[in-house]
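Summary of structural features
The chain contents come next:
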Amino acid sequence: MRYLVGKLLLACSISLFAGAAWSDEPPLKIGVLEDMSGPYADLSGQGSLAAARLAVEDFGPVLGRKVEIVSADHMNKADAGVAIAKRWIEADGVEMITGLSNTAVALAVRNVAAANGKIDIVTSAGSADLSGKACTATSFHWVYDSYGLAKTVGMATIRSGADTFYQVLVDYAFAAAMARDGSRFAEEAGGKPVGAVRVPLNTADYSSFILQAQASKAKAILLALAGADFVNFVKQAHEFGIVESGQKLASFITFMNDIHALGLKTGQGLLSSEAFYWDLDDKTRAFSKRFFAVARKMPNSMQAGVYSAVTHYLKAVQAAGTTDAKKVVARMRELPVNDFMTDNGKVREDGRLPRPMYLFQAKSPKESTGDWDILKPIQKLSAEDATRPLAESECPLIKEAQAKK
């Protein structure tokens with residue numbers, strides 16, 4: 001009897017020890033680095049964090065490890081983003097960083113991740129250079145880029161009859177890429193550029209810039225402004241009677257949140273491009289309903305993209321059986337991307353995930369049936385058409401592969 005009791009106690013102690021070892025296994029950490037307090041906070045910020053948490057909740061533990069989401073505010077400063085990324089990687093054990101609104105921040109953080117053999121998945125910054133000359137072996141560009149936005153909006157605006165255009169661009173890296181690609185596609189469609197002006201980030205008074213755009217006599221004013229900057233410009237342009245005087249407003253990078261903030265009375269008719277809209281189909285509506293329950297707003301493409309990126313990363317870790325970046329990256333490229341916003345997506349050698357882009361028009365107040373019923377699809381570009389061909393890529397990885405052939 002004593003022998004049996006002793007064996008039972010030993011078995012219990014082993015079981016308890018195993019349970020303790022399981023609970024002591026360090027979590028797999030993913031960092032969400034976004035603008036949490038500046039002009040892009042509503043577009044990314046807490047919404048991106050909510051999407052990442054939903055993805056982790058749905059996926060569950062990976063390789064016997066709990067998945068933990070950490071977050072921080074880069075404040076649209078590259079040096080702040082670098083400092084956070086270094087601390088996360090070197091001290092906190094973060095394996096993957098995502099979000100990264102603001103191209104300058106994304107580029108700087110990417111260098112840190114690459115130098116430390118860690119993965120970054122950009123969901124919120126848009127420069128096509130992120131899968132071009134700034135690509136790395138452990139980096140990905142997941143949602144939209146300046147190439148797809150420029151092609152969708154630039155061509156459609158010119159083809160609508162606005163054969164001259166003037167650009168208003170926020171003064172940072174993304175705008176440079178957008179100006180380059182936007183001009184290219186607008187001109188290919190028969191448009192003639194008549195000028196451009198750069199404006200500082202977080203500008204409060206756009207009156208002088210609006211007057212310059214009016215004076216250009218351009219039939220279309222193409223905007224490369226986002227978040228609060230875009231909202232403020234359009235509101236002030238409305239006061240100057242830009243649209244009423246015959247000039248069209250078209251935006252390269254406008255999200256549903258921006259139109260919602262403007263209100264349809266001011267924003268109606270505006271052309272914009274997105275990779276996702278909550279009301280496209282049953283799958284997008286189902287995810288968006290869950291997102292709304294925690295975020296109290298509908299998701300845009302960047303926030304939906306965070307869910308997609310985190311989920312695919314975790315699938316790759318599970319399939320690789322390790323968090324080793326090289327092995328995970330290989331699996332991320334091998335596995336098809338399937339979720340509510342992606343059908344059998346395939347990550348390219350340059351890290352770009354091609355996806356369709358939609359041209360949307362803001363509804364009029366009469367057309368809207370509810371608070372978030374604000375966009376209607378006008379046109380869809382296939383993933384192939386909306387993505388820069390590999391033959392035009394400046395990605396060093398592509399050039400190296402071509403040189404070996």
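Described below are features of the structure shown in this document. Only a predicted model underlies this, so the values are computations on that prediction, with no experimental measurement involved. (Residues numbered from 1 in each chain as written. Predicted model: local features only at pLDDT ≥ 70, side-chain atom pairs only at ≥ 80, totals over all residues. Heavy atoms only, no water.)

Moving on, we come to the overall build of the protein chain. Assigned secondary structure in the protein chain consists of 14 helices and 14 strands. In terms of overall dimensions, the protein chain has C-alpha extents of about 95 × 55 × 35 Å along its principal axes. Counting over 405 residues, the protein chain shows a buried share of 56%. The contacts in the protein chain between residues at least 6 apart in sequence include a share of 71% that link residues at least 24 apart. For the protein chain, the exposed area adds up to about 16900 Å²; of that, 54% sits on carbon and sulfur atoms. In the protein chain, 46 side chains carry a positive charge and 44 a negative one; their mean positions are 3 Å apart. (Helix = DSSP H or I, 4+ residues; strand = E, 2+ residues; numbered from the N terminus. Buried < 20%, exposed > 50% of the residue type's maximum accessible area, 1.4 Å probe, protein only. Contact = heavy atoms within 4.5 Å. Areas by Shrake-Rupley, 256 points an atom, 1.4 Å probe, with all protein chains shown as cover. Lys, Arg positive; Asp, Glu negative; His and termini not counted. Charge placed at Lys NZ, Arg CZ, Asp CG, Glu CD.)

This next bit is on the sheet that holds strand β2 (residues 67–73). As summarised here, the arrangement of the five strands in space is β2-β1-β3-β4-β5, forming an open sheet in which the pairing is parallel. The open sheet has two free edges, formed respectively by β2 and β5 (139–141), since each of these has just one partner strand. Across this sheet, the average inter-strand angle for adjacent strands is 20°, counted without regard to direction. Note that strand β4 (residues 119–122) and β5 share three bridges and pair parallel. When the bridges of β5 are listed, V122 appears paired with H141. (Pairing = 2+ DSSP bridges. Axes fitted to C-alpha atoms, helices over the stretch in contact; angles between N-to-C directions.)

Where helix α3 (residues 78–90) contacts helix α4 (residues 103–115), the two axes come as close as 8 Å, and the packing angle between them is 30°. Taken as axis vectors, α3 and α4 run roughly parallel relative to one another. For the element pair α3 and α4, the recorded crossing hand is right-handed. Taking contact as the criterion, the partners of A78, G81, V82, A85, K86 and I89 in α3 are, on α4, A104, V105, A108, V109, V112 and A113. Counted by class, the contact of α3 with α4 contains ten nonpolar, one polar and one charged residues. (Parallel < 35°, antiparallel > 145°, perpendicular 65-115°, else oblique. Left-handed = near helix turned anticlockwise from the far one by under 90°. Nonpolar A, V, L, I, M, F, W, Y, C, P; charged D, E, K, R; others polar.)

This paragraph deals with the pattern of salt bridges. Per the counting criterion, the structure on display carries 19 salt bridges. Here D171 makes a salt bridge to R198, at a shortest N to O gap of 3.7 Å. Taken as a pair, D171 in the loop between β6 (164–170) and α6 (173–188) and R198 in strand β7 (residues 192–199) lie far apart in primary sequence, 27 residues in all. For R184, the salt bridge is made with E392, and the minimal N-O distance between the two is 3.3 Å. Taken together, the positions of R184 in helix α6 and E392 in the loop between β14 (375–381) and α14 (396–404) put the pair 208 residues apart, joining distant regions of the chain. Residue classification places R184 among the partly exposed residues on the basis of a relative accessible area of 28%. Three or more residues joined by partner-sharing salt bridges are found here, namely D181, R184, E188, R388 and E392. (Salt bridge = Lys/Arg side-chain N within 4 Å of Asp/Glu carboxyl O.)

A word on the environment of K297. Mapped onto the fold, K297 is located in the loop between α11 (282–295) and α12 (301–320). For K297 and H74, which are 223 residues apart along the polypeptide, the C-alpha to C-alpha distance reads 23 Å. Discounting chain neighbours no more than four positions away, the residues touching K297 are D42, N257, F291, F292, Q303 and W372. Here the side chain of K297 touches D42 through a polar contact of 2.9 Å, landing on its backbone oxygen. (Polar contact = N/O pair within 3.5 Å; in protein donor to acceptor, adjacent residues only side chain to side chain.)

As for its position among the elements, L107 is in helix α4. Once you skip the residues sitting within four places of it in the chain, L107 turns out to touch L130 and A134.

In this section: the state of the cysteines. Under the defined criterion, the tally for this structure stands at one disulfide. A disulfide bridge connects C135 with C395, and the sulfur atoms are separated by 1.9 Å. The sign of the S-S torsion, about 80°, decides the handedness of the disulfide formed by C135 and C395: right-handed. Of this pair, C135 sits in the loop between β4 and β5 while C395 is found in the loop between β14 and α14, placing the two residues 260 residues apart along the sequence. (Disulfide = S-S within 2.5 Å.)

I119, W142 and Y313 are the most contacted members of the largest nonpolar core, which totals 110 residues. Here this core gets ten residues from one element, more than from any other, and that element is α12. Those residues in contact with I119, other than ones at most four positions away along the chain, are E95, M96, I97, T138, F140, Y313, A325, V328, V329 and M332. Counting residues in each nonpolar core, the second largest holds 19 residues, with A72, A85, W88 and L100 among its members. (Core = buried A, V, L, I, M, F, W, Y, C linked by side-chain atoms within 4.5 Å.)

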